[in-house]
Amino acid sequence: MKWKSAKYLYMHPSFSGMVVGLLSGIIGYKTLCAKPHIEYEELPDKKRRGKEILKYGIPERPGDLMFYKNHVLSYNAASRIPFWVAEHLTKDSLSGKANRKFSDFKPDPSIENLFMSENSDYWNSGWSRGHMAPAGDNKHDQEAMDESFLLTNIVPQDLSNNAGFWNRLEMYCRKLVKNYDDVRIFSGPVMVPETDQDGNIYVKYRVIGKNHVAVPTHLFKVIVADSADSNQFVAAFLVPNKPITFERKLRDYQVDVSRIESLIGFRLLPNLKAKSMKNLCNNEGCNLISKEEFEKIFLTSRIKNSRNIKDLEMQWKSATEQLDGKPSKHLKEAYNEAKQTLQARN
DNA sequence: CGGGGTTGATGG
DNA sequence: CCATCAACCCCG
(Lines give C-alpha, C1' and ligand atoms only; values in the text may rest on other atoms or scores of the structure.)
Protein backbone atom coordinates (compact mmCIF):
# COMPACT_ATOMS: atom_id res chain seq x y z
CA MET A 1 0.00 0.00 0.00
CA LYS A 2 2.89 2.28 0.72
CA TRP A 3 4.09 1.74 -2.81
CA LYS A 4 0.67 2.68 -4.27
CA SER A 5 0.52 5.96 -2.40
CA ALA A 6 4.03 6.79 -3.57
CA LYS A 7 2.92 6.33 -7.18
CA TYR A 8 0.03 8.67 -6.61
CA LEU A 9 2.20 11.29 -5.00
CA TYR A 10 4.51 11.25 -7.97
CA MET A 11 1.65 11.99 -10.33
CA HIS A 12 0.09 14.66 -8.19
CA PRO A 13 1.13 18.18 -9.23
CA SER A 14 1.02 19.44 -5.65
CA PHE A 15 3.93 17.20 -4.81
CA SER A 16 6.15 17.98 -7.78
CA GLY A 17 8.69 19.45 -5.41
CA MET A 18 8.99 16.11 -3.69
CA VAL A 19 9.84 14.17 -6.85
CA VAL A 20 13.57 13.96 -6.14
CA GLY A 21 13.03 12.75 -2.62
CA LEU A 22 10.45 10.23 -3.73
CA LEU A 23 12.65 8.85 -6.49
CA SER A 24 15.43 8.09 -4.07
CA GLY A 25 12.87 6.41 -1.83
CA ILE A 26 11.50 4.38 -4.73
CA ILE A 27 14.94 3.21 -5.82
CA GLY A 28 15.72 2.26 -2.25
CA TYR A 29 12.47 0.32 -2.12
CA LYS A 30 13.35 -1.54 -5.35
CA THR A 31 16.58 -2.83 -3.90
CA LEU A 32 14.61 -4.33 -1.04
CA CYS A 33 11.87 -5.98 -3.13
CA ALA A 34 12.37 -8.95 -5.41
CA LYS A 35 9.31 -8.14 -7.53
CA PRO A 36 8.40 -4.48 -7.70
CA HIS A 37 4.91 -3.86 -9.06
CA ILE A 38 6.09 -1.01 -11.21
CA GLU A 39 9.28 -0.04 -12.94
CA TYR A 40 10.79 3.36 -12.34
CA GLU A 41 11.02 3.84 -16.11
CA GLU A 42 7.21 3.75 -16.43
CA LEU A 43 6.67 6.88 -14.38
CA PRO A 44 7.67 9.52 -16.98
CA ASP A 45 5.27 7.87 -19.43
CA LYS A 46 2.45 8.25 -16.93
CA LYS A 47 3.29 11.85 -16.43
CA ARG A 48 3.16 12.46 -20.18
CA ARG A 49 -0.18 10.64 -20.32
CA GLY A 50 -1.42 12.73 -17.43
CA LYS A 51 -0.63 15.92 -19.29
CA GLU A 52 -2.68 14.69 -22.23
CA ILE A 53 -5.58 13.73 -19.97
CA LEU A 54 -5.41 17.16 -18.37
CA LYS A 55 -5.20 18.91 -21.74
CA TYR A 56 -7.28 21.85 -20.55
CA GLY A 57 -5.34 22.45 -17.38
CA ILE A 58 -4.64 21.02 -13.95
CA PRO A 59 -7.64 21.55 -11.63
CA GLU A 60 -6.59 24.06 -9.05
CA ARG A 61 -7.62 24.72 -5.48
CA PRO A 62 -8.09 28.50 -5.03
CA GLY A 63 -6.38 29.86 -1.95
CA ASP A 64 -4.54 26.62 -1.27
CA LEU A 65 -1.81 28.58 0.52
CA MET A 66 -2.17 32.30 1.26
CA PHE A 67 0.43 34.58 2.83
CA TYR A 68 -0.39 37.81 4.67
CA LYS A 69 1.65 40.28 6.74
CA ASN A 70 1.09 38.40 9.99
CA HIS A 71 -0.66 35.15 9.19
CA VAL A 72 -0.71 32.24 6.73
CA LEU A 73 -3.77 30.23 5.80
CA SER A 74 -5.18 27.51 3.59
CA TYR A 75 -8.61 28.37 2.21
CA ASN A 76 -11.41 25.89 1.64
CA ALA A 77 -13.00 27.31 -1.50
CA ALA A 78 -15.99 24.94 -1.31
CA SER A 79 -16.89 25.80 2.28
CA ARG A 80 -15.94 29.53 2.07
CA ILE A 81 -13.98 29.22 5.31
CA PRO A 82 -10.31 28.46 5.96
CA PHE A 83 -8.95 24.95 6.51
CA TRP A 84 -6.42 26.36 8.97
CA VAL A 85 -4.83 29.69 9.87
CA ALA A 86 -1.31 29.97 11.28
CA GLU A 87 0.28 32.71 13.39
CA HIS A 88 3.52 33.56 15.18
CA LEU A 89 3.18 35.58 18.39
CA THR A 90 6.01 37.49 20.06
CA LYS A 91 6.16 40.31 22.58
CA ASP A 92 6.84 42.76 19.74
CA SER A 93 3.95 41.64 17.54
CA LEU A 94 1.48 42.06 20.41
CA SER A 95 2.48 45.60 21.38
CA GLY A 96 1.33 48.65 19.43
CA LYS A 97 -1.68 50.82 18.84
CA ALA A 98 -3.41 49.28 15.86
CA ASN A 99 -7.17 49.36 16.51
CA ARG A 100 -10.01 47.28 15.15
CA LYS A 101 -12.21 50.38 14.77
CA PHE A 102 -10.19 51.20 11.63
CA SER A 103 -10.75 47.75 10.12
CA ASP A 104 -13.69 46.33 8.16
CA PHE A 105 -14.79 42.79 7.41
CA LYS A 106 -14.65 42.32 3.64
CA PRO A 107 -14.20 39.62 0.98
CA ASP A 108 -10.60 38.73 0.21
CA PRO A 109 -9.80 40.30 -3.19
CA SER A 110 -7.30 37.50 -3.88
CA ILE A 111 -10.14 34.96 -4.16
CA GLU A 112 -12.57 35.15 -7.07
CA ASN A 113 -16.19 35.82 -6.10
CA LEU A 114 -17.32 32.33 -7.14
CA PHE A 115 -15.48 30.92 -4.12
CA MET A 116 -15.73 33.84 -1.68
CA SER A 117 -18.12 34.60 1.16
CA GLU A 118 -19.65 38.05 1.71
CA ASN A 119 -20.70 40.01 4.78
CA SER A 120 -24.36 39.57 3.76
CA ASP A 121 -23.98 35.81 4.21
CA TYR A 122 -23.47 36.46 7.93
CA TRP A 123 -26.05 39.22 8.44
CA ASN A 124 -29.19 37.96 10.23
CA SER A 125 -27.84 34.41 10.01
CA GLY A 126 -27.66 34.07 13.78
CA TRP A 127 -23.88 33.53 13.48
CA SER A 128 -21.13 36.03 14.14
CA ARG A 129 -17.98 36.54 12.09
CA GLY A 130 -15.26 34.88 14.12
CA HIS A 131 -11.57 35.61 13.49
CA MET A 132 -9.25 32.60 13.32
CA ALA A 133 -6.12 34.78 13.46
CA PRO A 134 -7.51 37.24 16.06
CA ALA A 135 -7.49 40.99 15.40
CA GLY A 136 -5.91 41.44 18.82
CA ASP A 137 -2.81 39.51 17.72
CA ASN A 138 -1.93 42.33 15.30
CA LYS A 139 -1.53 45.32 17.61
CA HIS A 140 1.86 46.15 16.07
CA ASP A 141 0.59 46.84 12.54
CA GLN A 142 -2.70 48.29 11.30
CA GLU A 143 -2.31 46.73 7.84
CA ALA A 144 -1.78 43.31 9.40
CA MET A 145 -4.89 43.85 11.52
CA ASP A 146 -6.86 44.95 8.45
CA GLU A 147 -5.84 41.72 6.70
CA SER A 148 -7.14 39.68 9.63
CA PHE A 149 -10.61 41.06 8.82
CA LEU A 150 -10.59 39.56 5.29
CA LEU A 151 -13.29 36.90 5.15
CA THR A 152 -10.75 34.21 4.25
CA ASN A 153 -9.78 34.41 7.95
CA ILE A 154 -13.38 34.28 9.22
CA VAL A 155 -15.79 31.47 10.12
CA PRO A 156 -19.42 31.53 11.32
CA GLN A 157 -19.12 31.36 15.10
CA ASP A 158 -21.61 31.41 17.95
CA LEU A 159 -21.54 34.98 19.28
CA SER A 160 -21.42 34.01 22.94
CA ASN A 161 -18.59 31.56 22.26
CA ASN A 162 -16.72 34.13 20.14
CA ALA A 163 -16.94 36.92 22.70
CA GLY A 164 -16.60 34.62 25.68
CA PHE A 165 -14.75 31.30 25.93
CA TRP A 166 -12.91 31.62 22.61
CA ASN A 167 -11.99 35.22 23.39
CA ARG A 168 -10.49 34.12 26.70
CA LEU A 169 -8.60 31.33 24.92
CA GLU A 170 -7.11 33.95 22.59
CA MET A 171 -6.14 36.07 25.61
CA TYR A 172 -4.50 33.00 27.15
CA CYS A 173 -2.43 32.53 23.97
CA ARG A 174 -1.26 36.15 24.04
CA LYS A 175 -0.28 35.85 27.68
CA LEU A 176 2.07 32.98 26.80
CA VAL A 177 4.61 35.34 25.21
CA LYS A 178 5.52 36.46 28.73
CA ASN A 179 7.07 33.06 29.47
CA TYR A 180 7.87 31.79 25.96
CA ASP A 181 9.86 33.72 23.37
CA ASP A 182 7.96 32.33 20.40
CA VAL A 183 4.36 31.14 20.31
CA ARG A 184 2.99 29.59 17.14
CA ILE A 185 -0.71 28.91 16.75
CA PHE A 186 -2.97 27.07 14.31
CA SER A 187 -6.67 27.82 14.44
CA GLY A 188 -9.54 26.64 12.29
CA PRO A 189 -12.96 25.06 11.88
CA VAL A 190 -13.81 21.39 12.39
CA MET A 191 -16.77 19.32 11.21
CA VAL A 192 -17.01 16.55 13.80
CA PRO A 193 -18.82 13.35 12.70
CA GLU A 194 -21.79 12.44 14.85
CA THR A 195 -23.90 9.31 15.28
CA ASP A 196 -27.49 9.95 14.20
CA GLN A 197 -30.65 8.33 15.52
CA ASP A 198 -30.47 5.66 12.83
CA GLY A 199 -27.16 4.52 14.30
CA ASN A 200 -25.14 5.65 11.30
CA ILE A 201 -22.44 8.31 11.45
CA TYR A 202 -22.83 11.59 9.56
CA VAL A 203 -20.93 14.81 9.09
CA LYS A 204 -23.72 17.37 9.27
CA TYR A 205 -23.38 21.13 9.25
CA ARG A 206 -25.44 24.15 8.35
CA VAL A 207 -24.57 26.55 5.56
CA ILE A 208 -25.58 30.22 5.64
CA GLY A 209 -26.20 32.99 3.11
CA LYS A 210 -26.42 32.84 -0.64
CA ASN A 211 -22.80 31.64 -0.79
CA HIS A 212 -23.58 28.71 1.52
CA VAL A 213 -20.85 29.46 4.04
CA ALA A 214 -20.24 26.35 6.16
CA VAL A 215 -20.95 26.62 9.90
CA PRO A 216 -18.35 24.52 11.75
CA THR A 217 -19.53 22.23 14.54
CA HIS A 218 -16.28 22.87 16.43
CA LEU A 219 -13.18 25.07 16.36
CA PHE A 220 -9.63 23.96 17.01
CA LYS A 221 -6.54 25.66 18.31
CA VAL A 222 -3.06 24.13 18.39
CA ILE A 223 -0.39 25.96 20.37
CA VAL A 224 3.38 25.48 20.09
CA ALA A 225 5.34 27.52 22.65
CA ASP A 226 9.16 27.52 22.39
CA SER A 227 10.90 27.89 25.73
CA ALA A 228 14.34 29.43 26.24
CA ASP A 229 15.86 25.95 26.78
CA SER A 230 14.60 24.95 23.31
CA ASN A 231 11.73 22.76 24.39
CA GLN A 232 8.45 22.76 22.47
CA PHE A 233 5.41 22.91 24.71
CA VAL A 234 2.35 21.86 22.76
CA ALA A 235 -1.38 21.81 23.46
CA ALA A 236 -4.38 21.21 21.20
CA PHE A 237 -7.98 22.11 21.92
CA LEU A 238 -11.24 21.09 20.25
CA VAL A 239 -14.00 23.51 21.26
CA PRO A 240 -17.72 23.15 20.39
CA ASN A 241 -19.09 26.09 18.38
CA LYS A 242 -21.72 26.97 21.00
CA PRO A 243 -21.99 28.94 24.27
CA ILE A 244 -19.61 27.69 26.98
CA THR A 245 -20.06 28.73 30.59
CA PHE A 246 -17.37 29.95 32.98
CA GLU A 247 -17.66 26.66 34.87
CA ARG A 248 -15.89 24.82 32.08
CA LYS A 249 -12.09 24.58 32.16
CA LEU A 250 -9.86 24.89 29.13
CA ARG A 251 -8.42 21.46 29.98
CA ASP A 252 -11.90 19.96 29.44
CA TYR A 253 -11.35 20.52 25.71
CA GLN A 254 -7.72 19.40 25.39
CA VAL A 255 -7.07 16.67 22.82
CA ASP A 256 -4.03 15.16 21.08
CA VAL A 257 -2.72 17.11 18.10
CA SER A 258 -3.26 13.97 16.03
CA ARG A 259 -6.97 14.08 16.86
CA ILE A 260 -7.18 17.52 15.21
CA GLU A 261 -5.02 16.41 12.30
CA SER A 262 -7.22 13.38 11.70
CA LEU A 263 -10.36 15.52 11.65
CA ILE A 264 -9.08 18.22 9.29
CA GLY A 265 -6.85 16.08 7.05
CA PHE A 266 -3.70 18.15 7.50
CA ARG A 267 -0.45 17.37 9.29
CA LEU A 268 0.02 20.66 11.12
CA LEU A 269 3.52 20.13 12.51
CA PRO A 270 5.24 17.71 10.10
CA ASN A 271 8.73 18.83 11.09
CA LEU A 272 8.23 18.72 14.84
CA LYS A 273 9.33 15.41 16.34
CA ALA A 274 6.76 13.89 18.68
CA LYS A 275 9.59 12.98 21.06
CA SER A 276 10.55 16.60 21.70
CA MET A 277 6.97 17.70 22.27
CA LYS A 278 5.90 18.34 25.83
CA ASN A 279 2.42 18.98 27.21
CA LEU A 280 1.98 22.73 27.61
CA CYS A 281 -0.74 22.23 30.19
CA ASN A 282 1.52 20.18 32.46
CA ASN A 283 4.04 23.01 32.41
CA GLU A 284 1.69 25.95 32.35
CA GLY A 285 -1.66 24.93 33.82
CA CYS A 286 -3.78 26.11 30.87
CA ASN A 287 -6.10 28.25 32.98
CA LEU A 288 -8.28 30.90 31.38
CA ILE A 289 -8.84 34.20 33.17
CA SER A 290 -11.72 34.28 35.66
CA LYS A 291 -15.12 35.82 35.06
CA GLU A 292 -14.17 38.75 37.31
CA GLU A 293 -10.89 39.46 35.49
CA PHE A 294 -12.65 39.09 32.16
CA GLU A 295 -15.36 41.62 33.05
CA LYS A 296 -12.76 44.10 34.24
CA ILE A 297 -11.18 44.00 30.79
CA PHE A 298 -14.24 45.27 28.96
CA LEU A 299 -15.03 47.77 31.67
CA THR A 300 -11.56 49.19 30.98
CA SER A 301 -12.21 49.01 27.25
CA ARG A 302 -15.44 51.00 27.51
CA ILE A 303 -13.69 53.67 29.53
CA LYS A 304 -10.86 53.88 27.02
CA ASN A 305 -13.30 54.12 24.11
CA SER A 306 -15.55 56.79 25.61
CA ARG A 307 -16.41 59.40 23.01
CA ASN A 308 -16.82 62.39 25.32
CA ILE A 309 -16.51 63.47 28.95
CA LYS A 310 -20.15 62.79 29.69
CA ASP A 311 -19.93 59.26 28.30
CA LEU A 312 -16.68 58.72 30.19
CA GLU A 313 -18.21 59.75 33.52
CA MET A 314 -21.17 57.48 32.89
CA GLN A 315 -18.93 54.48 32.14
CA TRP A 316 -16.77 55.29 35.16
CA LYS A 317 -19.82 55.43 37.41
CA SER A 318 -21.23 52.09 36.26
CA ALA A 319 -17.76 50.51 36.45
CA THR A 320 -17.14 51.62 40.04
CA GLU A 321 -20.63 50.47 40.99
CA GLN A 322 -20.01 47.06 39.50
CA LEU A 323 -16.72 46.81 41.40
CA ASP A 324 -18.36 47.84 44.70
CA GLY A 325 -16.55 51.19 44.66
CA LYS A 326 -13.15 49.50 44.53
CA PRO A 327 -11.73 50.07 41.04
CA SER A 328 -8.22 48.75 40.38
CA LYS A 329 -5.22 51.02 39.88
CA HIS A 330 -5.15 49.99 36.26
CA LEU A 331 -8.78 51.07 35.79
CA LYS A 332 -8.14 54.40 37.51
CA GLU A 333 -5.16 55.02 35.24
CA ALA A 334 -7.28 54.25 32.18
CA TYR A 335 -9.93 56.68 33.45
CA ASN A 336 -7.43 59.49 34.07
CA GLU A 337 -5.73 58.96 30.74
CA ALA A 338 -9.05 58.97 28.87
CA LYS A 339 -10.10 62.11 30.72
CA GLN A 340 -6.90 63.91 29.74
CA THR A 341 -7.17 63.01 26.04
CA LEU A 342 -10.86 63.98 25.94
CA GLN A 343 -10.18 67.31 27.65
CA ALA A 344 -7.27 68.00 25.31
CA ARG A 345 -9.62 67.51 22.36
CA ASN A 346 -11.86 70.37 23.51
C1' DC B 1 -11.21 42.03 24.46
C1' DG B 2 -14.95 40.00 21.24
C1' DG B 3 -19.16 41.04 18.66
C1' DG B 4 -24.23 42.71 17.26
C1' DG B 5 -27.38 46.30 15.23
C1' DT B 6 -29.87 51.01 13.18
C1' DT B 7 -30.11 55.36 10.77
C1' DG B 8 -29.09 58.91 7.49
C1' DA B 9 -26.22 61.00 3.95
C1' DT B 10 -23.90 60.10 -0.21
C1' DG B 11 -23.05 58.55 -4.99
C1' DG B 12 -23.04 55.77 -9.34
C1' DC C 1 -32.45 51.35 -7.57
C1' DC C 2 -28.62 49.41 -4.66
C1' DA C 3 -24.03 49.87 -2.35
C1' DT C 4 -21.00 52.13 0.89
C1' DC C 5 -19.81 54.58 5.02
C1' DA C 6 -19.81 57.26 9.22
C1' DA C 7 -22.11 57.93 13.51
C1' DC C 8 -24.45 56.11 16.90
C1' DC C 9 -26.66 52.58 19.92
C1' DC C 10 -26.33 48.04 22.43
C1' DC C 11 -24.43 43.36 24.53
C1' DG C 12 -21.06 39.74 27.52
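What you see is a predicted model; the values in this text were computed from it and never measured. (Residues numbered from 1 in each chain as written. Chains lettered and ligands numbered in written order. Predicted model: local features only at pLDDT ≥ 70, side-chain atom pairs only at ≥ 80, totals over all residues. Heavy atoms only, no water.)

Draft legend 1. Quick peek at the overall build of chain A. Along its length, chain A carries 12 helices and 14 strands. Look at the contacts in chain A between residues 6 or more apart in sequence, and 70% of them connect residues 24 or more apart. Counting only carbon and sulfur atoms, one obtains 51% of the accessible surface of chain A, whose full area is about 20,500 Å². (Helix = DSSP H or I, 4+ residues; strand = E, 2+ residues; numbered from the N terminus. Contact = heavy atoms within 4.5 Å. Areas by Shrake-Rupley, 256 points an atom, 1.4 Å probe, with all protein chains shown as cover.)

Draft legend 2. How the structure looks around the protein's contact with DNA strand C. Neighbouring residues of DNA strand C: Ala163, Asn167, Phe294, Phe298, Arg302 and Arg307. Interatomic distance of 2.9 Å between a side-chain N/O atom of Arg302 and a base nitrogen of DNA strand C. Taken together, the residues of the surface near DNA strand C break down into 3 nonpolar, 1 polar and 2 charged. (Near = heavy atom within 4 Å. Polar contact = N/O pair within 3.5 Å; in protein donor to acceptor, adjacent residues only side chain to side chain. Nonpolar A, V, L, I, M, F, W, Y, C, P; charged D, E, K, R; others polar.)

Draft legend 3. A look at the packing of helix α10 (residues 291-304) against helix α11 (residues 309-322). Where α10 meets α11, the axes come as close as 9 Å, and the angle between the chain directions of the two elements is 160 degrees. Here α10 lies roughly antiparallel to α11, going by the angle between them. For the element pair α10 and α11, the recorded crossing hand is left-handed. Residues Glu295, Leu299, Arg302 and Ile303 of α10 form the contact with α11, whose own contacting residues are Leu312, Gln315, Trp316, Ala319 and Gln322. Residue composition of the contact of α10 with α11, by class: 5 nonpolar, 2 polar and 2 charged. (Axes fitted to C-alpha atoms, helices over the stretch in contact; angles between N-to-C directions. Parallel < 35°, antiparallel > 145°, perpendicular 65-115°, else oblique. Left-handed = near helix turned anticlockwise from the far one by under 90°.)

Draft legend 4. Just the protein's contact with DNA strand B, in detail. The full set close to DNA strand B counts 19 residues, and Arg100, Gly136, Asn162, Asn167 and Ser301 are the nearest of them. The share of sugar and phosphate among atoms of DNA strand B within 4 Å of the protein is 79%. Note that a phosphate oxygen of DNA strand B is positioned 2.5 Å from one of the side-chain N or O atoms of Arg100. Residue Gly136 places a main-chain N or O atom 2.8 Å away from a phosphate oxygen belonging to DNA strand B. Elements with a contribution of two residues or more to the surface near DNA strand B: β4 (128-131), α6 (159-163), α7 (165-175) and α10. Of the residues belonging to the surface near DNA strand B, the class tally is 6 nonpolar, 8 polar and 5 charged.

Draft legend 5. Examining α10 more closely. The terminal C-alpha atoms of α10 lie 20 Å apart, and with 14 residues this matches the ideal 20 Å at 1.5 Å per residue to within 8%. Phe294, Leu299, Thr300 and Ile303 are the residues of α10 that are buried. (Expected span 1.5 Å × (residues − 1). Buried < 20%, exposed > 50% of the residue type's maximum accessible area, 1.4 Å probe, protein only.)

Draft legend 6. Region of interest: the UniProt feature "active site" (unreviewed entry) in chain A. Here, UniProt's "active site" (unreviewed entry) annotation points to His131. Summarising the element assignment, His131 is placed in strand β4. Setting aside its immediate chain neighbours within four residues, His131 contacts Arg100, Phe105, Ser148, Phe149, Asn153, Ile154, Trp166 and Glu170. (UniProt positions renumbered as here; feature names shortened; annotations may be inferred.)

Draft legend 7. Spatial organisation of a nonpolar patch on the surface. Together, Ile53, Leu54 and Ile58 line one region of the surface with nonpolar side chains, adding up to about 290 Å² of accessible area. Topologically, Leu54 is positioned in the loop between α3 (42-53) and β1 (66-67). Residue classification places Leu54 among the partly exposed positions, given a relative accessible area of 36%. (Patch = residues over 30% accessible without salt bridge, like charges linked within 9 Å, V, L, I, M, F, W, Y side chains within 5 Å. Salt bridge = Lys/Arg side-chain N within 4 Å of Asp/Glu carboxyl O.)

Draft legend 8. Just the domain arrangement of chain A, in detail. Taken domain by domain, chain A holds domain 1 (8-285) and domain 2 (290-346). Between domain 1 and domain 2, the residue contacts involve 6 residues of the former and 4 residues of the latter. Buried area between domain 1 and domain 2, both sides added, is near 410 Å², and the carbon and sulfur share of it is 82%. Contact with domain 2 buries surface across domain 1, with Arg168, Met171 and Phe246 losing the most and accounting together for 80% of the total. Counting across the interface, domain 1 meets domain 2 through 0 salt bridges. At the boundary of domain 1 with domain 2, the tally comes to 0 residue pairs in polar contact (both at pLDDT 80 or more). Of the residues forming the side of domain 1 that touches domain 2, the biggest block, 3 residues, is contributed by α7. Each residue belonging to the side of domain 1 that touches domain 2 can be placed in one class, and the counts come to 3 nonpolar, 2 polar and 1 charged. (Domains from an automatic or database assignment. Buried area = accessible area lost by both parts, 1.4 Å probe.)

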